[in-house]
Amino acid sequence: MALRSVMEKLGRDMQAVTGAISKEEWTLVAELAPRIAKHAEPPLGEKMRILGWLGTDAGKFRGFDGQVHDAASSMGDAAKRGDGQAVIAAFSKTQQSCLACHQSFRQSFMKQFYESR
Ligand code: HEC
């Protein structure tokens with residue numbers, strides 16, 4: 001699934017943010033944050049497949065994606081202000097949103113799209 005490469009990129013960008021925070025490189029955090037907030041999406045066909053599978057849970061799934069978007073955006077804003085504490089708080093919120101979606105959907109997603117072929 002194309003979603004996996006989207007996720008791998010998100011994982012790499014989040015790791016890069018961790019490194020930048022450790023060095024207080026707020027300009028770099030400000031560059032990386034929008035890549036996380038406005039990450040790529042799978043092609044339309046795959047999106048439709050995923051939404052079809054989600055059914056009534058689609059809103060919940062999209063909600064987690066929205067949380068990532070909002071948290072990563074405020075991380076970028078905080079980085080532009082050079083406000084390290086706020087960057088870290090927003091980073092934590094971002095990571096919590098990744099985790100929340102993974103805990104709700106990752107296992108069943110993998111079962112649906114990788115094991116049942
Ligand atoms: C809306 C739901 C959702 C959100 C939000 C989300 N993920 Fe995921 N993520 C998934 C699903 C579903 C998979 C399984 C995809 C697959 O294996 O094809 C996954 C898998 C992954 C993987 C494993 C990829 C692999 O190679 O097996 C990584 C890394 C990852 N996500 C990182 C992140 C990060 C970092 C964030 C937050 C910035 C995030 N994800 C937010 C749904 C989400």
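Values in this document were obtained by computation on a predicted structure and should not be read as measured data.

Student: I'm lost on the site of the ligand in this one. Help?
Tutor: As a structural note, the neighbourhood of the ligand is formed by 18 residues, with Met7, Cys98, Cys101, His102 and Tyr114 the closest of them. Here an oxygen atom of the ligand sits 2.8 Å away from a polar atom, N or O, in the side chain of Arg4. At 2.8 Å from an oxygen atom of the ligand is found a side-chain nitrogen or oxygen belonging to Glu8. Residue assignment for the shell around the ligand shows that the elements contributing at least two residues are helix 1 (2-22), helix 4 (58-81) and helix 5 (84-115). Looking at the shell around the ligand residue by residue, the class counts come to 12 nonpolar, 2 polar and 4 charged.

Student: I would appreciate a short explanation of the pattern of salt bridges in the present structure.
Tutor: When the charged atoms of two side chains with opposite charge come close together, those side chains can pair. Summed over all chains, the structure comprises 4 salt bridges. The salt bridge involving Asp13 is made with Lys9; its shortest N-O contact spans 2.9 Å. With Asp13 and Lys9 both in helix 1 and 4 residues apart, this pair spans about one turn of that helix. With a relative accessible area of 6%, Asp13 lands in the buried category. Judged by its relative accessible area of 33%, Lys9 falls in the partly exposed class. A salt bridge links Glu41 to Lys47; its shortest N-O distance comes to 2.3 Å.

About the cut-offs
- Residues numbered from 1 in each chain as written.
- Predicted model: local features only at pLDDT ≥ 70, side-chain atom pairs only at ≥ 80, totals over all residues.
- Heavy atoms only, no water.
- Near = heavy atom within 4 Å.
- Polar contact = N/O pair within 3.5 Å; in protein donor to acceptor, adjacent residues only side chain to side chain.
- Helix = DSSP H or I, 4+ residues; strand = E, 2+ residues; numbered from the N terminus.
- Nonpolar A, V, L, I, M, F, W, Y, C, P; charged D, E, K, R; others polar.
- Salt bridge = Lys/Arg side-chain N within 4 Å of Asp/Glu carboxyl O.
- Buried < 20%, exposed > 50% of the residue type's maximum accessible area, 1.4 Å probe, protein only.

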